[in-house]
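Here's the letter readout for the chains.
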Amino acid sequence: MIVGPVTTAVIGVGHLGKFHARIHNENPRAALVAVVDSNAERAGALASELGCAALTDVNALPRDVRAVSIVVPTAQHASVAIPLLERGVHCLIEKPLAQSVEEADRILAAAERGRAKLAVGHVERFQPGLRKVRAMNLEPKFIECHRLAPFSFRALDVGVVHDLMIHDLDLILDLVGSPVESLDAAGGAILTASEDVASVRLVFANGARANVTASRASLQPMRRFRMFSGEAYVSLDFQKNYGVVIRKGPEWEKGRALLANFDPTTQAPGPEWIRDRVLSVEELDLSDMDRPLQAEIDSFLRAVQEDREPEVPGEDGRAALALADRIAREIRAQAW
Ligand code: NAD
């Protein structure tokens, strides 16, 4: 338990890290004392904006720093995080957790040795719509995800499975809560040497199924999530921060009975009857909820302050990475 703000730093303040640093600076749970970047100019500019120290070497971090965001390129995650975790510094590491499962295991072991909290930046867990849906405790039977992005010139050290699809893999693993029994993946390289488009069908031990499609060479962006369960159908649009849940309506039984014996020569009821009476359509109110990165960082700081397990622990980051590796391997084995 830590009473008052946690002394923090952000390591790597490039494209994403500067947002981490600004959020640390605004969050009352944190006292941001330093930003660290091997690019001195980048660290200096942000440090003067935020009124904290600029460092170029993680070894120069003040000893009283208790928690950090690690937002360096994935290839550097293990080398930056392991010494910090070993000396008990709590770490929020951006996704993917590491370059390989073997590296992820070394990060997990370091956290264990240092009794440090390890959270992974699977930020989609903190999407307002997703958080509401998770709280409904539905049992997913079928999930369908589309994550398509125009080419960004970023994350070129990994393929689209580890860059984009891994977000949905993490959501699905968390919601289904059952091991992947089999998978069938397809994909290919378009612009880079790695896969730029990928699609996979996952079959889980509990019978659930998921179809996941990702592209980083799309003309139009799309981030859609649909989930079918026995109790409800959920449709989320992460890009528009919009969500709708459809359940059985007051005339569900009547509607089913009518359709079971429907005589096509008779006058059919209008589609509004299905929408408003047979079904019950609820648009989710997502207006007052924190944006995902704010919520993710707040949740990490709260876990540190209150000595609780992070909402997205290191094991979850490892599981998403292991599944991404399996999918990417299958795609590469049958390269077009
Ligand atoms: P970036 O290249 O823009 O920034 C990385 C920064 O780290 C650079 O400024 C670089 O100078 C600095 N750096 C590199 N090695 C360092 C070291 N040893 N010590 C200190 N600084 C060092 O990269 P980015 O796009 O911000 O990505 C960073 C991480 O965030 C990656 O792991 C990436 O996968 C992840 N990411 C996650 C999301 C998401 O949706 N959660 C989105 C983008 C990036």
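Since we're looking at a predicted model, the values are computed, not measured.

**With respect to the domain arrangement of the protein chain**
Right, on to step 1. Domain assignment breaks the protein chain into domain 1 (6–122 + 292–311) and domain 2 (242–285).
Right, on to step 2. For domain 1 versus domain 2, the separation of C-alpha centres amounts to 49 Å.

**Re the pairing of strand β5 (residues 90–94)**
Right, on to step 1. In terms of burial, β5 is a largely internal element, five of the five residues being buried.
Right, on to step 2. Burial along β5 is two-sided: His90, Leu92 and Glu94 and Cys91 and Ile93, pointing in opposite directions, are all buried.
Right, on to step 3. Sheet topology note: the strand β4 (residues 67–70)/β5 ladder contains four bridges and is parallel. Paired with serine 69 across the bridge in β5 is leucine 92.
Right, on to step 4. Traced from β4 through helix α3 (residues 77–86) to β5, the parallel crossover comes out right-handed.

**Here we look at the side chain of aspartate 170**
Right, on to step 1. Residue position: aspartate 170 is located in helix α6 (residues 160–176).
Right, on to step 2. At 2.8 Å, the side chain of aspartate 170 and the side chain of arginine 125 are in polar contact.
Right, on to step 3. What aspartate 170 contacts, discounting residues up to four positions off in sequence, is His122, Arg125, Asp316 and Ala320.

**Structural notes on the packing of helix α1 (residues 17–26) against helix α2 (residues 40–50)**
Right, on to step 1. Their axes nearest at 11 Å, the elements α1 and α2 cross at an angle of 20°. Judged on the interaxial angle alone, α2 and α1 are roughly parallel. Between α1 and α2 lies a crossing whose hand is right-handed. Of the residues in α2, those in contact with Lys18, Ala21, Arg22 and Asn25 of α1 are Leu46, Glu49 and Leu50.

**Details of the site of the ligand**
Right, on to step 1. Around the ligand, a shell composed of 22 residues is seen, among which His15, Asp37, Arg42, His77 and Arg154 lie nearest.
Right, on to step 2. In the environment of the ligand, an oxygen atom lies 3.4 Å from a nitrogen or oxygen atom belonging to the backbone of valine 72.
Right, on to step 3. Histidine 77 is positioned such that a nitrogen or oxygen atom in its side chain is 2.9 Å from an oxygen atom of the ligand.
Right, on to step 4. Residue composition of the shell around the ligand, by class: seven nonpolar, 10 polar and five charged.

Thresholds, definitions, all that
- Residues numbered from 1 in each chain as written.
- Predicted model: local features only at pLDDT ≥ 70, side-chain atom pairs only at ≥ 80, totals over all residues.
- Heavy atoms only, no water.
- Domains from an automatic or database assignment.
- Buried < 20%, exposed > 50% of the residue type's maximum accessible area, 1.4 Å probe, protein only.
- Helix = DSSP H or I, 4+ residues; strand = E, 2+ residues; numbered from the N terminus.
- Pairing = 2+ DSSP bridges.
- Right-handed = clockwise from strand over helix to strand, strands pointing away.
- Polar contact = N/O pair within 3.5 Å; in protein donor to acceptor, adjacent residues only side chain to side chain.
- Contact = heavy atoms within 4.5 Å.
- Axes fitted to C-alpha atoms, helices over the stretch in contact; angles between N-to-C directions.
- Parallel < 35°, antiparallel > 145°, perpendicular 65-115°, else oblique.
- Left-handed = near helix turned anticlockwise from the far one by under 90°.
- Near = heavy atom within 4 Å.
- Nonpolar A, V, L, I, M, F, W, Y, C, P; charged D, E, K, R; others polar.

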